[in-house]
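# A structural walkthrough
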Amino acid sequence: MKKWLAAFVLTVCMVLSTFANIGVVFAEERTATLVVVGDSERGAILCPKKVEFNEGATAFDVLNEAFPNKLVYSGTGDMLYLTGIDGLVAGEKYKQSYWALETNNEMAMVGVGGYQVKNGDIIAMRFIEDWNAMPTDTLKEQLKKISECDLSLLEPVKEPPTTPDPGTTPKEVDTNKAIADAAAYLLRDGINSEWEAIGLLRSGAVISNDVKASYIEQLKDNVQNKRMQGGKLAKTILAINAVGSDPTKFVNQNLVEKLYNDQTLADVYAYSAALLALDSRKYDIPAGAFWSREKLVDAILSQQRAEGGWGTDADTNSMMLIALAPYSEKPEVAKAQEKTLKLLQSMQGIDGGFDQNANSTALVLTALSIMGINPTDAEWTKEANVIENLVTFQQTDGGFKWQHTSEASDALSSEQALYALVQYTYFVQEKGSIFDWSSEPINTPETPNEPTIPEPSQPPVPETPEISVPTETVNKPVPSEMKTAEPVKEKVKQTLPDTALFDTVFWSSLAAGFVLIMTAVLVWRRII
């Protein structure tokens, strides 16, 4: 009897151990819709198709999975430049052509290597034959004309509103501390992007000479070895100004001259970035230049929609307001700004944020502050105001996560939140725009050696008094617990278990389990 019982227990344990990890197979599925539209000859290279992806995947990862060994590109990460898909290469047959990335029916603000795919996204690559003649048709309109694709997948899937983590409503938002903690989080890996450089160097955080020098070398390498044009060129000029160098004499190149003669500027994102860069030191633009400030302003205004914005998202509309801020005295600009602000107010959530994420909320905060609008005023306050909402995304490591449902902080959300909060302090101190260096001297790259990076709880600007949201607007429910920074830890990358149904882990576990079960059966038979 004891032998029979022992065999039975052994068999049950073996069966359970075999399927202990089977739940991984049924983990949450993340899907996006991928579509690729070629030139007038190729038409739809890939009709809208639902694809699976792992958390943290970029648009390039999704493309590479769909077109293995059929992509032509250079660089990595944010600097990845895609030139060819399935044999159709930009610049070959059409000299002024390029591949454009659209996400959820809007032109993407970053490249394929920098865009992190979200559940329900529509990722579209459209081949532009001539950057001087941008298509006016939407993706769906174009596909209707050139293909017989099923277009039912081209409606963005909106994630349902999430219930934020329960927490204690902050009675006071310590803006200086939030800035210091975010800066400390980002500086763990040095300076890695243009917006990050602007936010960090404007924040007052103490940055070592080695970190600055390393980033300057990175900028030099980009200018010398990467394609500098369009929005990337504009952002590079802003970053060079942020480190105190001169973009008109950077590695023997006049990048400002290159920008105002750049004929590749072809959408509102590039127009707005170029305008911001040209205004960063109020550069003189000669009469014969391809672009003037007036031409860029007109190009932006010409693409404003009837309902008041340039897109259906808060991000795009905020970016245009930031670029147009210095031109408010122009009646046509003032009218456009008024319509867009009304649209943004209608988009604000009951929790005070925008689009249920830190990035969009941060861009709205930047736009309001740069325009001289108090983001804590009643007209920008629901159950909480914009700043109160933004800080609910800050984590104990000092970084910001994208959504309340995200698992960890990420660099993109953190850099956008950082420069938004810094711009708010500039607004309070009446210091103008963080993107304006016109009153500051140009320094040499070499700076005195400086002390170590401040601890997360140390304010980045010691001589500036603490800036807090007025008490009459803070005693209201905020969607998540306000968290303070812990001592510096290594950044955590967001990963999920392998969820593929037919992965190697699954099959190896199944095979091992089968062997164990058969062994148990043989043991049983011998005992019986």
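Structural data are supplied above this passage.
Below: a short report on this structure. (Residues numbered from 1 in each chain as written. Predicted model: local features only at pLDDT ≥ 70, side-chain atom pairs only at ≥ 80, totals over all residues. Heavy atoms only, no water.)

### Focus on helix H11 (residues 314–324)
The buried fraction of H11 amounts to 11 of the 11 residues, a majority that puts the element mostly inside the structure. The secondary structure elements touched by the buried residues of H11 are helix H9 (268–279), helix H10 (293–301), helix H12 (331–347) and helix H13 (358–370). (Buried < 20%, exposed > 50% of the residue type's maximum accessible area, 1.4 Å probe, protein only. Helix = DSSP H or I, 4+ residues; strand = E, 2+ residues; numbered from the N terminus. Contact = heavy atoms within 4.5 Å.)

### Notes on the sheet that holds strand E3 (residues 71–74)
One open sheet holds the 3 strands; their spatial order is E3-E4-E5, and the pairing between them is antiparallel. Among the strands making up the open sheet, the edge pair consists of E3 and strand E5 (88–89). Where strand E4 (residues 81–85) and E5 come together, 2 bridges link them in antiparallel fashion. What sits directly across from Gly 84, in E5, is Val 89. Taken strand by strand, helix H2 (residues 59–66) contacts E3 and E4, and its axis lies near 145° from that of E3. (Pairing = 2+ DSSP bridges. Axes fitted to C-alpha atoms, helices over the stretch in contact; angles between N-to-C directions.)

### Re the packing of aromatic side chains
For any two aromatic rings, the description comes down to two numbers: the centre-to-centre distance and the angle of the planes. The final tally for this structure, using the stated rule, is 9 aromatic pairs. With 6.0 Å between their ring centres and 85° between their planes, Trp 195 and Phe 435 make a pair best called edge-to-face. Placement of Trp 195 in helix H5 (residues 194–203) and of Phe 435 in the loop between helix H15 (411–428) and helix H16 (504–527) is noted, with a sequence separation of 240 residues between them. With 6.3 Å between their ring centres and 70° between their planes, Tyr 419 and Phe 435 make a pair best called edge-to-face. Of this pair, Tyr 419 sits in helix H15 while Phe 435 sits in the loop between H15 and H16; the two residues are 16 residues apart in sequence, bridging distant segments of the chain. Site record: aromatic cluster; members linked through ring pairs are Tyr 94, Trp 99 and Phe 127. When the ring centre of Trp 291 is taken as reference, the NZ or CZ atom of Lys 295 above it lies at 4.9 Å. When the ring centre of Tyr 426 is taken as origin, the NZ or CZ atom of Lys 431, which lies over that ring, is 4.3 Å away. (Phe/Tyr/Trp six-rings, centres within 6.5 Å; stacked < 30°, edge-to-face > 60°. Lys NZ or Arg CZ within 6 Å of the ring centre and 35° of its normal.)

### Digging into the environment of Asn 389
Relative to the elements of secondary structure, Asn 389 occurs in helix H14 (residues 386–391). For Asn 389, a relative accessible area of 1% corresponds to the buried category. C-alpha separation for the pair Asn 389 and Thr 361, spaced 28 residues apart in sequence, amounts to 7.8 Å. Here the side chain of Asn 389 touches Asp 351 through a polar contact of 3.3 Å, landing on its backbone oxygen. (Polar contact = N/O pair within 3.5 Å; in protein donor to acceptor, adjacent residues only side chain to side chain.)

### What about the pairing of strand E1 (residues 31–37)?
Counting buried residues along E1, 7 of its 7 residues qualify, which places the element largely inside the surrounding structure. Burial of E1 is two-sided: the residues Thr 31, Thr 33, Val 35 and Val 37 facing one way and the residues Ala 32, Leu 34 and Val 36 facing the other way are all buried. Once E1 ends, the chain turns through 6 residues before running back antiparallel as strand E2 (residues 44–52), passing Gly 43 with a positive phi of about 65°.

### Quick word on the sheet that holds E2
Pairing is mixed in the open sheet, where 5 strands are placed in the order E2-E1-E8-E6-E7. The open sheet has two edge strands, E2 and strand E7 (106–107), and neither has a second partner. Pairing between strand E6 (residues 98–103) and E7: 2 bridges, direction antiparallel. Each residue of the ladder has a partner; that of Glu 102, found in E7, is Met 107. Docked against the sheet, H2 engages E1, E2, E6 and strand E8 (122–128), running at close to 70° with respect to E1. The strands touched by helix H3 (residues 139–146) within the sheet are E1, E2, E6 and E8, with E1 carrying the most contacts at an inclination of about 55°.

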